[in-house]
Structures are given as structure tokens and as C-alpha cells.
Amino acid sequence: MAALYAGYTLRGLAPAQNRSNSGIQGVEAERDSDHVVVTDSTRCVTLYKVSDQKPLSCWTVKQGHTLTGPAVYNSRTQEYVAVSDRKVIRIWKEDDIVLDKAFKATVSSDVWRVHCVAGGDPVVLFHRGAVRLLDPLLSAPQQPIEEVLSQEEAISWSTNVVTESQQFVIFTTEQKGDHFLYLQRLSPNTLQRYHLEREEPGLSPLSFSASYRDTHICLLYLYPNGHVYESVVSVRAPVPDEGAQALPLPRSLLLALPVGEGLLEAASAQALDEAHVAVVGVPHPSAGSGKDFLCIWNTNFQTLQAGKEMAGKIYGQLWSFWNKLFIPHGKTFSVIPYDCPKSSLASALGKLRQVKTEESKAPTSVPSWNTLLHEEKVHPSRTVETRKTRTNRKSHSAQSLTNDQVLELIKTAPVEEVQREVQLLLSRTDTQDLQTSVGQLACTLVSRSLSDPAFYTPSSLAQLVHTRYLCHSVCPDLVLLALERKDYFLCQLCLQFFPDIPEVVTCACLKVFISMSEVDAANVNLEPDSVFLMEALIAQEHESSGLRNGFSPADEDRSDLAEGATTAQQDNEKAPTAEQMCPVGLHKAVLLNEVLQTAYFDSFLLPHLKDLSAQDVVLFLQYLQFLYLKFSQDAFPQTQGLRSPSLTQIMDWVSLLLDAHFTVLVMTPEAKALLLTLHRFVKSQVRFVSELGKIEGSLKELDKMASKRDVGQYSIEIIELF
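Residues numbered from 1 in each chain as written. Predicted model: local features only at pLDDT ≥ 70, side-chain atom pairs only at ≥ 80, totals over all residues. Heavy atoms only, no water.

**With respect to the pairing of strand β5 (residues 44-49)**
So, step 1. Most of β5 sits inside the fold, with 5 of its 6 residues counted as buried.
So, step 2. Sheet topology places strand β4 (residues 35-40) next to β5; 5 bridges connect them, and they run antiparallel. Across the sheet, the residue bridging to valine 38 is threonine 46, located in β5.
So, step 3. Counting the residues between successive antiparallel strands, the hairpin from β4 to β5 contains 3 residues.
So, step 4. Looking at chain direction, β5 and strand β6 (residues 54-60) are connected through 6 bridges and run antiparallel. Across the sheet, leucine 47 pairs through a bridge with serine 57, a residue of β6.
So, step 5. Hairpin connection of β5 to β6: 4 residues between the antiparallel strands, including glutamine 53 at a positive phi of 50°. (Buried < 20%, exposed > 50% of the residue type's maximum accessible area, 1.4 Å probe, protein only. Helix = DSSP H or I, 4+ residues; strand = E, 2+ residues; numbered from the N terminus. Pairing = 2+ DSSP bridges.)

**Description of the sheet that holds strand β24 (residues 276-282)**
So, step 1. Taken in spatial order, the 4 strands of this open sheet run β23-β24-β25-β26, and their pairing is antiparallel. The open sheet terminates on both sides in strands that have one partner only, identified here as β23 (268-271) and β26 (303-309). Between one strand axis and the next, the sheet turns through 20° on average, direction left out of account.
So, step 2. In this sheet, strand β25 (residues 293-298) lies alongside β24 in antiparallel orientation, the contact comprising 6 bridges. Bridged to histidine 276 within β25 is asparagine 298. (Axes fitted to C-alpha atoms, helices over the stretch in contact; angles between N-to-C directions.)

**Some words on the packing of helix α17 (residues 586-596) against helix α19 (residues 614-631)**
So, step 1. Where α17 contacts α19, the two axes come as close as 12 Å, and the packing angle between them is 85°. On the basis of the axis angle, α17 is roughly perpendicular to α19. Side by side, α17 and α19 meet where Ala589, Leu592, Asn593 and Leu596 of the first sit next to Phe620, Tyr623, Leu624 and Leu627 of the second.
So, step 2. Class assignment of the residues belonging to the contact of α17 with α19 gives a composition of 7 nonpolar, 1 polar and no charged. (Parallel < 35°, antiparallel > 145°, perpendicular 65-115°, else oblique. Contact = heavy atoms within 4.5 Å. Nonpolar A, V, L, I, M, F, W, Y, C, P; charged D, E, K, R; others polar.)

**Here's the deal with unusual backbone geometry**
So, step 1. The backbone of arginine 86 sits at a positive phi, close to 70°, despite the residue not being glycine.
So, step 2. Tracing the chain through its elements places arginine 86 in the loop between β8 (79-84) and β9 (88-92).
So, step 3. For arginine 86, a relative accessible area of 39% puts it in the partly exposed group.
So, step 4. A positive phi is found at asparagine 323, a non-glycine position, where the angle reads about 60°.
So, step 5. Inspection of the secondary structure assignment puts asparagine 323 in the loop between β27 (319-321) and β28 (324-329).

**Section: the pairing of strand β7 (residues 67-74)**
So, step 1. Counting buried positions along β7 yields 7 of 8 residues, so the element is predominantly enclosed.
So, step 2. As judged from the 5 bridges shared by β7 and β8, these two strands associate in the antiparallel manner. Across the sheet, the residue bridging to glycine 69 is valine 83, located in β8.
So, step 3. A loop of 4 residues connects β7 with β8, the two strands running antiparallel in sequence, and glutamine 78 in this loop sits at a positive phi of about 55°.

Shape descriptors only; they carry no functional weight alone.
Rendered as C-alpha cells:
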């Protein structure tokens, strides 16, 4: 019997208002079963190691350019191929850092997609239906491209299939409500055209998938009314004469899925094998409307064999590679392993005797907390509270509820009762069991908060984060939920305790913090120690004699001025007054400090920093300038035990912001003085490092001169360097 196992988060999705798509343009297989290539809807291609939930490399096209097709991996040459701006084909290797320096060629006609599967050559499908192998096309990029489709016909979906001796490009088109299937052989170069039967008036397929079985290509397609059809085309069928009419394509109804009230809007069906179909975005038959599920149906016995509720918005996208389903939903891009053993009537009806529960566990091992959270058993996806269960719940509240009882209570109980029971459970749970319970509780609380706007338990979520048994991989929606509910204290805790926050989430926090009003920020309750640190910084009076390591930016600036020592001294006395004033309020500064201390990877952070407005960038740079000046003074009170950004972290963020917005800043008049000041900072750091280099030899000699004689427990030595 088919099964869905505990999923895990591959990455977060960038939050945006009124977003109608996931931001994921495509997912393609890479070198093995543990690597995939993910293409964003705009400018970024990322290579992921799936089992580690970790990005290995990231490539981005410059601003002003857009990726117009998902990147694919050519296993024969170990190269990646993508299309930008519809006509530019780009090819690069994994060790290429800058995408714009890699190979690119401009073709004469708009490209729909590049396809490449293991065992086949890369092929290019043009918007007007022509197909070319990649290598011959690149030998003459400006060669004329014929138009295969009629004037009002447009491609809606395409894929690539490799058989034992043939390679096919398959694509569907739409013209005035009619849908057609094209089957393009590459050797010999022949084209077959089929006409799909019409469904109810006005209904068009929501998704297509194709697979190769027993010398036949099987096309699976889902309609908004829940009907899943299959059409079969033989690869050995005789090729019709050129110019012949489209052949009718017979179909058979595989499934009639329940759709509830109305029609499906964003759903997808994917064939997993000859007897199983995965469907996402379709209501569960026993859960009613209002919930979206990922389900596996057995087409032989017309039975639902596995289901998992998907939190958040469904975008109608679904990919399947190596017994893993890749699904964007809400603000998460999830990977869900599955297993589809050979079907039998006993297993389809649930009557097949199971020897042990452990034997049916997922055949894959992924270092994800979610596996630990959900592998013990499958709970019903929707709980309906009756009068009897409500009475039982009240009678149990006075007793010690188990972890499973609290999880069920969270789904229906009011906020006050949930917070009380969660607190009691955390206070009495053993440390060994707490590691599992925390993740389960957090996921359940967040799931209900996302589906029920009136439900939110800030104190319970903060308690769970404080246990330090929670991380972003366990509950990927927690930080974004906190931002949505304006729970900035919870955001601060997550930034402090989560070691694996993705760069896109870090930038989402930065964007909210930097743009929030000072009035809203002043009303936020934050962690006391972090507030105390900023109070000390803001209250500290500027001391002109304050130096760090013997140098200051002002000294460096004076050494370069040729207008005389008096003028330079006067300028220096006037300038620091504005620079020493914190440009943001106390609480906003505390939140920005948490962002500065969050771990990140430059290549993945830069693309998201470009989404900041010029006004926000200038304000953030002014704050970084303020921190730099304060941290560069010897008079700065270094309080032990308080978290604070380091001087290195401050300079790194300055560099990242300048890299992401340099062109905009140069053209912004109010940023001119700021850039000059930052230039002095850099010169100061360069001078300091240079002076350290000068005494490197002396320090090495001191190491050699270290006395090896026994001086007892205590000694004082005076060494004169000069």
C-alpha cells in the first residue's frame, strides 16, 4: 500500500502580498538522487543537496535580465543550461562563480524551454513549436527557425522522454478552446499531432505529466472538475504524412476526484507508476472543503491510499524524482518521500497483514527533525469536535495530559486553554522526551495559527523557542508567522536561537524591521539584555580622543587632507556630531542587531538584499556607520555576556549592501556623504591591518624568545620592543 512519509523543508519561499505563484519556475534532476536544481521565477538558479536540505551553489543573472526557462543539467558534460530573456542560452559548470562570464549565445527566435534528461541530449523547444538539438543549434545560433504552430496556437506544457532507441519531445498546445498533443521524434526527425477530446465547455487541463511504459507514452492530465484522464500513444505507430490532419487521441477516465463546491483552481496530478497517481490541491474525501491535501490514489482499485494536509496556499506545482515529491505550498518548499509497493487488492482495501510497523518506514534517511516528529504514526488530518469529545477534554484538563492529547487539544481548544496545557506539558516533560515534543507542538500551533486568523499563542511559541530544541528546519513557517502577526519578540528569539534560518527569511525580517515605524517599534517588548546594550550605546557621549587599536577613521581622514591641520581639525570636530547620533530608535536598533548576527552565505543573501528600497538601504548604512563609530572607540563599554554584533560583522554587512546597491547609491544625492564616510572606514581598516603586518616579524621573534626554563607558578617579565 502506498505511503507518504514525514516531509522536510528544502527552502523557504519569499513572502509577498497577493502572490499568485510560488516563485519557483522549475525543479530538475541533477547528478544523482540526492541533488536537484531549482530555478526561481526571476534571476536565480540554486543547486541543492536534498538529504542535507542545503544549497551547494547559487548562480544569478544581472539585474535587468530574467531567466525565462528552468535550468537543466547535462549529465554527459556536467554542465548547466538555462535560457534568459527568451533568446539567450547560457551554459556553465558548477565551479563557475559569475554567470555572466560563462558561455552564452543568442538565437534568432524565442525559446520556450530547454529539456535534458539522463541518457539524452539537450534539446531546445521554441515558442512556435520548432525543436533543435542544442549542439547543432549553438554551431549556428542565428539559423532561421521555422514555425510549426498556427498563428493562434500556443504551447501550454512540454517535457522530454527517452526510450530504448528514441528521444521524444512532447508538448501540448491550446487554440480557441481546443487542445493538441505534439510528439516530436528526433531521429528520424518526424512530428505527430493529436487532438485531445473536449471536456465540459470552458474547462482546460490544469496539469499534464508523461511517462514511458511498454513501448507506449502515457499522458496523464487533470481537469478542474476533478477528472483525471490517461491517453496512450505507441512509439511504434506509423508516422503520418506531412500536412495530415490531427489524429483524434482516445482517452480513458482514471479517477473522478472529489472537488467539493465549485471547481479546482490550482491543482496538479503526477503519475508515480503504472498504478499510482499523486495529486495535490484536491480536497481530502473525508476532510471536507477548505483544506488542501497531497494524496496518492491507486488507479487500479480507485482507492485513496495516502494523504497529507498541506498548510498554506497551493500553487498547483508538483515534481517527482527518485521517490520524492517536491511541492511549494504557503511559504515553504517541501520534500515528501513516498513509497508505492506493488498493488494488491488486499493492500488496497487495507486488509493486508502487516508484520511490523517498522517495515513500512520510508526507504530514505534524511537528517530532518520532521522524520523524528511524525514517523511513529499517522494522525487523522482533520479533527471534528463533538459534544462528547468536548466534555472529555474538560474532564481531562484537570489531569496531566499526554503529549498526544495536547496535540489534539491544540486543534480545537481556545487560546487560553492551549497556552495553559502547553506550559504544564513543558514543565513536567523529561528532557529526553522534550526534544521530540517541542517540534510537534510548534508545528501544530503554527499550522492552526495559519489556518485560523483568530488563533495565536505567542507565549507558548516563545516558551518552545526558549527550550533550544527548535530550529527553522523543524518549523519553517514559524518566523514568517511571527512577522505576519507582528510578534517581534518571537522574531528576536528565533534569530537568536535558530542556527539555520535561510537567507530569504533573514532578508524578510530585515525588510520589516527597517521599514517599521518608530511608534510601532517603541511599543514592542524585547529581550532586556539586548535593550540594555543599545541603551548604553545611545547614551554614551562621543569622545574625540577615543581610539581603537591606535587608529580612528578621523585620523585617517586628516592624514589625507591637504588643506592644513587646522581646517581638518575643525571639520573633524563638526562631522562626528551627526554621525554619532543613532539614526533609528532604541527597539528598532535592537532588532537590526539580531539580523546582523544571523548566519548567512554571501551568494544566497545578495539576491534578496536587492529587494530593499534605496531609502531603506541608506538608513541601514547610516545605522551601520553609527555602530562602527561606537565600536571603534576604546571608551565603548564591553559588557561581558551580552550579545552584540562584532566589528567584522558590521563591515561585512556594509560590503554586502554596497555590492547589492552600489549603482543606486551612487545616483542618490543623499548617499554621497555617507559613501565618503564609509570610504574612510575602509581606509582605516586597511591602515590598521597594514600596521599589524609591520610588527608581524617582532611577534614571531617574541615567540622564538619564549623562555623554556621553569619559572615556577608565577613570574613577571618586561620585554622592551624598541
